[in-house]
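Letter by letter, the chains look like this.
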Amino acid sequence: MAILEEPIKEVLTLRNYINGEWVESEGELVDIVNPATCKVIAKVPISTREEIDATVKAAKEAFPEWRRTPPLARARCLFRLRELMEERFEELSRIQTMEHGKTIDESRGETRRGIENVEVATGIPSLMMGYNLEDIAADIDEYVIRQPLGVFGIIGPFNFPFMVPLWFAPYAVATGNCIIIKPSSEDPISQAKIAGLVEEAGFPPGVWNVVNGGRTVVSGMLDHPDIRGICFVGSTPVGRDVIYKRCGETGKRVIAQTGAKNFLMIMPDANLERTIAACMTSFYSNTGQRCLSGANLIMVGEGLNEHEYDTFYKKTANAFVAAASKIRVGYGLDESVQIGPLRDEGKKKRVIEFITKGIEEGAKLRLDGRKVKLVGDWPHTCFLNPSVFENVTPSMTVGREEIFGPVASIMRARNLDEAIEIIHSNPYGNAASIFTSSGKWAREFQYRVQCGNIGINIGIVAPMAFFPFSGMKDSFFGTLHGQGQEAIRFFTESKVVIQRWF
Ligand code: NAD
């Protein structure tokens, strides 16, 4: 067991990045604890209403000049930011592991996807182009131009502290808007580090701001008349009942990407070995704290008689449990480890409550991750090993609700129709995957299933930066999504010009 060098060596006290300055907050400081070692690594301020108001003012003042900056010049700032991120790639990744708990490989993947979003946004001169048509009537031309709106708020979740704000931020500033990022107060260090690189990259003051905190900062953004839109990623109750609702009341644009309960289904003709390997990363990587994590596994008996189905079910379930029991759990800076701790003790307790509920409601706990077994000698405070339930029905708590931990629930379905019915009985619609070698079943699945991200022989359906990060039903509130062209559209409004020549 070798632990990579930790980039955070002494306790950091985070400041806000407002108008190009590092500003100490008046708000109370809260400890950020590395969930693997249980050591305090930083203190984050819970900023005040006055501080968010002052940031909106600065961003609003920076807007007129930034929007007049040619797109190529704006893109150059992003190119420099990209280079700096690449130079600090490993440091940025290790910081994510320290503040969140995920393994270094998961963090490197997160850094990569964040950088890819910056890269896509550098294409802004072509991405932001409008369109035109001559002679819509005699001597009259018509064209559409895209313009930035002003100031946007970006509110991040704890589970991807580096990447998620980058689903939005590069596109917002590339299109000429100014932004205020409020990272999750649970792991805000990555966004502070990015702001440091933004400063080095030479973005003008006020264009890219970071204000730490919680509800006060969020409601300050939601209520402020000078904030034109909000990008939120987090849980469904907050996204739907706070963010989407309030944006509707105040007339703001909104993207609210919210919770999930994702289904993976295995058809009898699936390649078992590769399917089980994909399931392990889907259900357990990031310790199940991923909006794209597998949660429910449906074994589908399409075309099989009862005896054949029983054989297929047992073989697949046994392979799943055997693989899950071998997953190595420990500190993510140990490269031999496959999953890290839950983000904090409260989240671990919550997952344990779900496991207890599952047992009470009659599901069979095949693998009990509450018996913690670690690679290395770490406090058990936030760790859980993988768990597997069998005999889960869609109405059981563990089959229905988002657990956000390393727990898999196995269900049965006689055929594809029944499996799709089970998926549709769940209120979420973030992601669903099918494992099969039948093109017909795969086509049927992608055509019918009401989820924003569909996987065919893929366990984690994470859209590339140039595709939208989709979501349906209780997993998404808004119209356009983060990343790529949809983000460009979200951050611009179309203006129509009709010109007569005389
Ligand atoms: P959360 O809703 O608790 O917090 C998200 C953000 O909202 C944080 O910045 C938090 O400080 C703020 N917040 C929390 N409660 C608030 C309130 N009452 N009023 C105003 N602001 C509030 O979510 P989380 O626990 O940080 O993140 C996990 C959730 O995010 C999961 O449900 C997961 O599925 C979801 N998620 C969704 C996607 C997606 O693309 N659909 C991606 C990642 C995470």
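Everything here concerns the structure above.
From a predicted model like this one, the values you see are computed outputs, not experimental measurements.

Asks: Provide a residue-level description of the site of the ligand, including the pertinent values.
Replies: By nearness alone, 24 residues border the ligand, and Gly156, Lys182, Ser235, Thr258 and Glu402 come closest of all. For the ligand, an oxygen atom lies 2.7 Å from a polar atom in the backbone of Gly156. Contact distances for the ligand include 3.4 Å between a nitrogen atom and a side-chain N or O atom of Arg215. In isolation the ligand has 840 Å² of accessible area, and contact with the protein removes 88% of it. The cavity that encloses the ligand is the largest pocket. Taken together, the elements giving at least two residues each to the shell around the ligand come down to α8 (215-223) and β11 (227-233). Residues belonging to the shell around the ligand are distributed by class as follows: 12 nonpolar, nine polar and three charged.

Asks: Describe the sheet that holds strand β23 (residues 492-500), with residues and values.
Replies: Spatially, three strands are ordered β6-β7-β23 in an open sheet, and the strand pairing comes out antiparallel. What marks the edges here is a single partner per strand, and that holds for β6 (131-137) and β23. Neighbouring strand axes in the sheet, compared pairwise and without regard to direction, differ in orientation by 25 degrees on average. In terms of strand pairing, strand β7 (residues 140-148) meets β23 through nine bridges, oriented antiparallel. Bridge pairing in β23 places Val144 opposite Val496.

Asks: Tell me what's going on with a nonpolar patch on the surface, and back it up with residues and numbers.
Replies: Among the surface-exposed residues, Leu133, Ile136, Val496 and Ile498 lie close enough to one another that they form a single nonpolar patch of about 380 Å² accessible area. The set of elements that each furnish at least two residues to the nonpolar patch consists of β6 and β23. Position of Leu133 among the secondary structure elements: in strand β6.

Asks: Which residues make up α8, and what values go with them?
Replies: Taken as a whole, α8 has its buried residues at Val217, Val218, Gly220, Met221 and Leu222. Buried residues belonging to α8 abut α1 (49-68), β8 (151-155), β9 (178-182), β11 and α9 (236-250).

Asks: Can you lay out the packing of helix α3 (residues 89-100) against helix α7 (residues 189-201) for me, pointing to particular residues and giving the numbers?
Replies: Here α3 crosses α7 at 155 degrees, and the two axes come no closer than 9 Å. Classified by the angle their axes make, α3 and α7 are roughly antiparallel. Between α3, through Glu91, Leu92, Ile95, Gln96 and Glu99, and α7, the contact on the second element is made entirely by Ile189, Ser190, Lys193 and Leu197. Looking at the contact of α3 with α7 residue by residue, the classes come out as four nonpolar, two polar and three charged.

Asks: Could you give an account of the side chain of Ser293, with specific residues and numbers?
Replies: Residue position: Ser293 is located in the loop between α10 (272-284) and β14 (294-300). For Ser293, a relative accessible area of 6% puts it in the buried group. For Ser293, the side chain forms a polar contact with the main-chain oxygen of Gly288, separated by 3.4 Å. The contact partners of Ser293, leaving out residues within four places of it in the chain, are Asn262, Ser282, Ser285 and Gly288.

Calculation notes
- Residues numbered from 1 in each chain as written.
- Predicted model: local features only at pLDDT ≥ 70, side-chain atom pairs only at ≥ 80, totals over all residues.
- Heavy atoms only, no water.
- Near = heavy atom within 4 Å.
- Polar contact = N/O pair within 3.5 Å; in protein donor to acceptor, adjacent residues only side chain to side chain.
- Areas by Shrake-Rupley, 256 points an atom, 1.4 Å probe, with all protein chains shown as cover.
- 1 Å grid on protein atoms, 1.4 Å probe; cavity = no way out; pocket = protein on both sides within 12 Å on 5 of 7 lines; lining within 4 Å.
- Sits in = over half its atoms within 2 Å of the grid points.
- Helix = DSSP H or I, 4+ residues; strand = E, 2+ residues; numbered from the N terminus.
- Nonpolar A, V, L, I, M, F, W, Y, C, P; charged D, E, K, R; others polar.
- Pairing = 2+ DSSP bridges.
- Axes fitted to C-alpha atoms, helices over the stretch in contact; angles between N-to-C directions.
- Patch = residues over 30% accessible without salt bridge, like charges linked within 9 Å, V, L, I, M, F, W, Y side chains within 5 Å.
- Salt bridge = Lys/Arg side-chain N within 4 Å of Asp/Glu carboxyl O.
- Buried < 20%, exposed > 50% of the residue type's maximum accessible area, 1.4 Å probe, protein only.
- Contact = heavy atoms within 4.5 Å.
- Parallel < 35°, antiparallel > 145°, perpendicular 65-115°, else oblique.

Coordinates in, geometry out; function isn't part of it.
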